[in-house]
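Structure at a glance
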Amino acid sequence: MQDFDARLIVKNTGWLYLRSFAICLADLVTARIILQELGVDGYGLYAAVAGVVSIVAFLGGALDETFRRYFSAEMGRGREGDVASVFAVAMGISVAFATGVLVVGETAGLAFVRCSLDVPAGSGRLAAWVYQACLLAVTLGILSKPFVAHTVASERMHLMTVVGGLRAFLLLSIAAALACFRSEGRLFAYALLLSGLEAVELAYWCLRNRTCASAWLHPRLSGAVSREMLRFCFLSSFKTVACVAKYNGTEVLLNLRAGVAFNSSWSVAQRLSGALYTLTGNFIEAFSPQLVKLWTCQDRRPFFVLLASVERYSFFIMWFFAFPVLLFAPEIGTLWLGEGVPPQFAEFVRALTVNIVFDSLGWPLHSAIIADAERLARYQVVSSGLMASGFVFACGALVSGCPEWTAPAGVAVANALAFGYRVAYLNRNRGLDLGVFFRRVLLPVGVAVGISAAGAALFGRPAGLALSALSVAALIRGRVARRA
């Protein structure tokens, strides 16, 4: 029976944590600096424009998932695998997609920014220039995707940490450099410098991957590998469209219904919730290559053992940090952003934190499902529809006159529904034992949430926080003791 390499997963996770710590620290520090330098409306304008660019490049997530899955599967074949062929196809798909993004971005996307986006009076021309810089940054990022996927699939996470440290340093440098520009030129300068950051990262990958130069210098879009990857990418695009709808679509909806001030609320809250998600996202990134390789074995027990472990510990780590954010969101806003706190900050943060708590449980299940590239069409359509329903919930809430924070709350509800469907799908189509899953995952999760909520309600926030930490520590220790 082939087993997973726990030591390698721990090592890779450690590298990814170091990378995430550097990027998150830089991101949180720069958020306050940029908000002060640009103001709530200026930062909101950037967030609104960047949201439109993200919609234009909506298939980017599908490329990440496709490339990592096929690199992992090809490497799992050992000497029989043809990684160079996969790399050449991945580069060909990236070049084609980047070209498509530029075409759509310079036509439909630019027209929307000029004619439909709600921007402060006299800022239309500035919004168009910022849009061009953001579009350039996204295009360069697309060309980096094959390099990143190859590095992750080969489980060389130390290289990801090097790039993360470089990115963190450049983010801090960009924030510090804004003070050198005149106030009217800072927003465009910020967007342009971020494009330069993506160019530096792409140059690093090209220089670092000289051994694969024969592959990435000769991209192609032909052959059986190309057809198979494009089919998988097409199916994965349903999920990506759903993510764009519920996140970027909701952000644009907030702009149209409430103005750029609430784009600031959404963007800053997403920065904080995104920083939290990296705590468990590292687990997903570290274990996914081995999960794909384990699925190819006849004995599936190691596959489900690894899945349950990652589900459980992913949630525990997330909850340990997410529960304090839920309790002390107003204080965090004041401490972090000072007097520049955007409207309804605490409510936005709480809603998006609940959303990523479900992410910590849902995305490991998604990684387990796509380990088998067959029979994915129905899953991708249904799960994507449930995820995209977050936009529908947000739209309904805002149209009916509910407060603006109900928009991210609708996104969280959609994530909860998608989690439930993934559990049911794994049970019906991948052989997941629901009884074992309940005992190993859902029961510990329910105990931790129940103790935390009851402690805060009965004894106050500090006592609830202490009880939450103790319950998580006790559950982890108990599981480790039983395994020993």
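Everything numeric in this text was worked out from a predicted model, so none of it was measured.

Rules used throughout
Residues numbered from 1 in each chain as written. Predicted model: local features only at pLDDT ≥ 70, side-chain atom pairs only at ≥ 80, totals over all residues. Heavy atoms only, no water. Helix = DSSP H or I, 4+ residues; strand = E, 2+ residues; numbered from the N terminus. Rg over C-alpha atoms; globule rule 2.2 N^0.38 Å. Buried < 20%, exposed > 50% of the residue type's maximum accessible area, 1.4 Å probe, protein only. Contact = heavy atoms within 4.5 Å. Areas by Shrake-Rupley, 256 points an atom, 1.4 Å probe, with all protein chains shown as cover. Lys, Arg positive; Asp, Glu negative; His and termini not counted. Charge placed at Lys NZ, Arg CZ, Asp CG, Glu CD. 1 Å grid on protein atoms, 1.4 Å probe; cavity = no way out; pocket = protein on both sides within 12 Å on 5 of 7 lines; lining within 4 Å. Points joined across faces, edges and corners; volume = space filled by probe spheres on them. Nonpolar A, V, L, I, M, F, W, Y, C, P; charged D, E, K, R; others polar. Axes fitted to C-alpha atoms, helices over the stretch in contact; angles between N-to-C directions. Parallel < 35°, antiparallel > 145°, perpendicular 65-115°, else oblique. Core = buried A, V, L, I, M, F, W, Y, C linked by side-chain atoms within 4.5 Å. Disulfide = S-S within 2.5 Å. Phe/Tyr/Trp six-rings, centres within 6.5 Å; stacked < 30°, edge-to-face > 60°. Expected span 1.5 Å × (residues − 1). Bend = angle between axes of the 7 residues up to and from the residue. Left-handed = near helix turned anticlockwise from the far one by under 90°.

**Things to note about the overall build of the chain**
Secondary structure summary: the chain contains 16 helices and 0 strands in total. The C-alpha atoms of the chain give 22 Å as radius of gyration, which agrees with the globular expectation for 484 residues (23 Å, within 12%). The principal-axis extents of the C-alpha atoms in the chain amount to approximately 65 × 65 × 40 Å. Counting across all 484 residues of the chain, residues that qualify as buried make up 53%. Considering only contacts in the chain between residues 6 or more positions apart, those separated by 24 or more positions represent 85%. Of the roughly 20100 Å² that the chain leaves accessible, carbon and sulfur atoms contribute 66%. Put simply, the chain has 41 plus and 29 minus side-chain charges, and the middle of one group is 6 Å from the middle of the other.

**Re unusual backbone geometry**
One non-glycine residue with positive phi stands out, namely Q344, at about 55 degrees. By the element assignment, Q344 lies in the loop between helix 11 (329-337) and helix 12 (345-369).

**Considering the layout of surface pockets**
Each pocket or cavity is described by its volume, and for the largest pocket that value is around 390 Å³. Around the largest pocket, the lining is made up of 15 residues, and of these L28, L272, A275, L276 and F321 lie nearest the centre. At 5 residues, helix 9 (residues 260-295) tops the list of elements feeding residues into the lining of the largest pocket. Per-class residue counts for the lining of the largest pocket are 14 nonpolar, 1 polar and no charged.

**Notes on the packing of helix 9 against helix 11**
Taken N-terminus to C-terminus, the directions of helix 9 and helix 11 make an angle of 100 degrees; their axes are 13 Å apart at the nearest point. The pairing of helix 9 with helix 11 is recorded here as roughly perpendicular in orientation. In this structure, helix 9 uses V268, R271 and L272 to contact helix 11, whose residues at the interface are I332, W336 and L337. Partitioning the contact of helix 9 with helix 11 into residue classes produces 5 nonpolar, no polar and 1 charged.

**Remarks on the environment of W129**
Considering the arrangement of structural elements, one finds W129 in helix 4 (residues 124-153). Through-space distance from the C-alpha of W129 to that of A191 is 9.0 Å; in sequence the pair is 62 residues apart.

**Considerations on the nonpolar core**
Ranked by internal contacts, the top residues of the largest apolar core, which has 141 residues, are Y46 and Y131. A per-element tally of this core places helix 10 (residues 301-327) first, with 16 residues. Ignoring anything within four residues of it in the chain, the contact list for Y46 reads V130, C134, L187, Y190, A191 and L194.

**Quick look at the state of the cysteines**
Scanning the model with the defined rule gives 0 disulfides in all. We note that C233 lacks a disulfide partner, and the nearest cysteine sulfur, in C243, lies 14 Å from it. Free cysteine C402: the closest other cysteine sulfur is in C395, separated by 12 Å.

**Observations concerning the packing of aromatic side chains**
The tally for this structure, following the rule as stated, stands at 19 aromatic pairs. The interplanar angle of 70 degrees and the centroid separation of 6.3 Å between the aromatic rings of Y313 and F316 together place this pair among those described as edge-to-face. One end of the pair is Y313 and the other is F316, both in helix 10 and 3 residues apart, which spans about a single turn. For the residue pair Y313 and F316, the accessibility class agrees, reading buried in each case. Grouping aromatic residues by their ring pairs yields a cluster made of Y313, F315, F316, W319 and F323.

**Some words on helix 12**
If you check helix 12, its first and last C-alpha atoms are 35 Å apart, about what 25 residues at 1.5 Å a residue would give, namely 36 Å. The axis of helix 12 is deflected most strongly, by about 30 degrees, at S360, and proline P364 appears within four residues downstream. Helix 12 sits mainly inside the fold: 21 of its 25 residues count as buried.

**Quick word on helix 8 (residues 224-258)**
Spanning 35 residues, helix 8 covers 49 Å between terminal C-alpha atoms, matching the ideal 51 Å at 1.5 Å per step. Taking the largest bend as the criterion, helix 8 deviates by roughly 30 degrees, centred on A245. Positive backbone phi, approximately 95 degrees, marks G259, located one or two places after helix 8.

**Regarding the environment of G100**
Structurally, the position occupied by G100 is in helix 3 (residues 83-115). When its relative accessible area of 31% is taken as the criterion, G100 is described as partly exposed. Taking the C-alpha atoms as reference points, G100 and T353, separated by 253 residues in sequence, lie 34 Å from one another.

**Section: the packing of helix 11 against helix 12**
The geometry of helix 11 relative to helix 12 is characterised by a closest axis approach of 8 Å and an angle of 115 degrees between their N-to-C directions. Here helix 11 lies roughly perpendicular to helix 12, going by the angle between them. Considering the relative orientation of helix 11 and helix 12, their crossing is right-handed. Every residue of helix 12 that contacts helix 11 at A329, P330, I332, G333, W336 and L337 is listed here: F345, A346, V349 and R350.

Note that every value here comes from positions in space, so none of it alone points to a role or purpose.
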